[in-house]
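An overview of the molecular structure
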Amino acid sequence: MTPRTARLLALPFALAAFLLRIGVEFWLKPLTWRIDSTAVALLAWAAGIAGSIVVPAVGHLLLTREARRRPATFRIDSAGRRFTAPAAPAWAGPWSAMVSWLAAGLLITERVPGEDRVRFFESGEALVWNVLAVLAVLVVVGLVLWDERPRLTLDEAGITVRGLVRGRTLRWDRLLVGGPPGPAGKGFAALVLAERPATPDRPPVPRSLWIGPVHVDRDFLAGSVRHYVEHPERRSAIGTAPELDRLRAVVGGAGS
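Let me begin by describing the structure that accompanies this report.

Reading guide: rules and limits
- Residues numbered from 1 in each chain as written.
- Predicted model: local features only at pLDDT ≥ 70, side-chain atom pairs only at ≥ 80, totals over all residues.
- Heavy atoms only, no water.
- Pairing = 2+ DSSP bridges.
- Helix = DSSP H or I, 4+ residues; strand = E, 2+ residues; numbered from the N terminus.
- Axes fitted to C-alpha atoms, helices over the stretch in contact; angles between N-to-C directions.
- Phe/Tyr/Trp six-rings, centres within 6.5 Å; stacked < 30°, edge-to-face > 60°.
- Buried < 20%, exposed > 50% of the residue type's maximum accessible area, 1.4 Å probe, protein only.
- Lys NZ or Arg CZ within 6 Å of the ring centre and 35° of its normal.
- Core = buried A, V, L, I, M, F, W, Y, C linked by side-chain atoms within 4.5 Å.
- Contact = heavy atoms within 4.5 Å.

The strand order across the open sheet formed by 5 strands is S1-S2-S5-S6-S7, and the pairing between neighbours is antiparallel. Each edge of the open sheet is held by one strand with a lone partner, namely strand S1 (75-77) and strand S7 (167-171). Between one strand and the next, the sheet's axes are offset by a mean angle of 20°, whatever the strand orientation. In terms of strand pairing, strand S2 (residues 82-85) meets strand S5 (residues 151-155) through 4 bridges, oriented antiparallel. Within the sheet, the bridge partner assigned to Arg82 lies in S5 and is Asp155.

Turning our attention to the packing of aromatic side chains. Under the defined criterion, the tally for this structure stands at 5 aromatic pairs. The interplanar angle of 15° and the centroid separation of 5.1 Å between the aromatic rings of Trp91 and Trp95 together place this pair among those described as stacked. A residue pair is termed a helical-turn pair when its members lie 3 or 4 positions apart in one helix, as Trp91 and Trp95 do in helix H4 (residues 89-105) at 4 residues. Per residue, the accessibility class of Trp91 equals that of Trp95, and both read buried. Positioned over the ring face of Trp146 is Arg4, at 4.5 Å from the centre of the ring.

The two faces of a sheet get side chains in turn, since along a regular strand they alternate between them. Burial along strand S8 (residues 190-195) is one-sided: Leu191, Leu193 and Glu195 are buried, while Ala190, Val192 and Ala194, pointing the other way, are not. For S8 and strand S9 (residues 205-210), the ladder comprises 6 bridges, and the chain directions are antiparallel. Bridging across to S9, Glu195 finds its partner in Val205.

To continue, consider the nonpolar core. Judged by nonpolar contacts, the single largest core of 26 residues is most densely connected at Phe74, Leu152, Leu154, Ile159, Trp172, Leu191 and Leu221. Put simply, the parts of the chain that give this core at least two residues each are S2, S5, strand S6 (158-162), S8, helix H6 (218-230) and helix H7 (241-251). For this core, the element with the highest residue contribution is H6, accounting for 6 residues. Among residues more than four places away in sequence, those in contact with Phe74 are Phe83, Thr84, Ala85, Leu152, Leu154, Val216, Phe220, Leu221, Ser224, Leu244 and Leu247.

Right, dumping it as structure tokens:
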């Protein structure tokens, strides 16, 4: 299974989270109203709420566990002369399930007077706009998964992390030699770099790039950034296959 396939597989699990949350609202909640014990009713409702998000998120993680291994390499974008790393499947699944689950919670409902049933809040145009807003959230989830954001790119100018809405770029010529340091552990999620100060008498300015959701080996990424900061003559070759082969050999990322 390719990483892209693993990310797109998050879509049905996101839809499952959405439908399960609605099921809790329309089926489980009325059922708890008929339970005499308040503690049991509350426990049943809490279990349903938790399960409606945990089951889809964990299901996607289990199905895509082989594709979650972060590769010690980049993808080549020859047209843009850059190396790229897309969003990680391990991030895409839980994120899309959570957002879809929250979207289902935006639907306004009410108890049917005198009955143990739930219905959509009948408020004319407000109901239409409510449903359209929820659908818009689901469309955004699909677009984000398709567009592979957040993603990281390295080009001749610098390193860029493009988030869900906007990106952040750090230019090579502004970074100081020596960073970023190696990862503090498997879970490290930010590259900490040192940028040149505005004036020579000031200390270096720390800059952090959030890379937790990016599908690339963190050791390899940190080593690659250090390499291009220290070797400006190699930056013009970024985005070519020979340069990627050379980089993997130099940084020690021969394995994928």
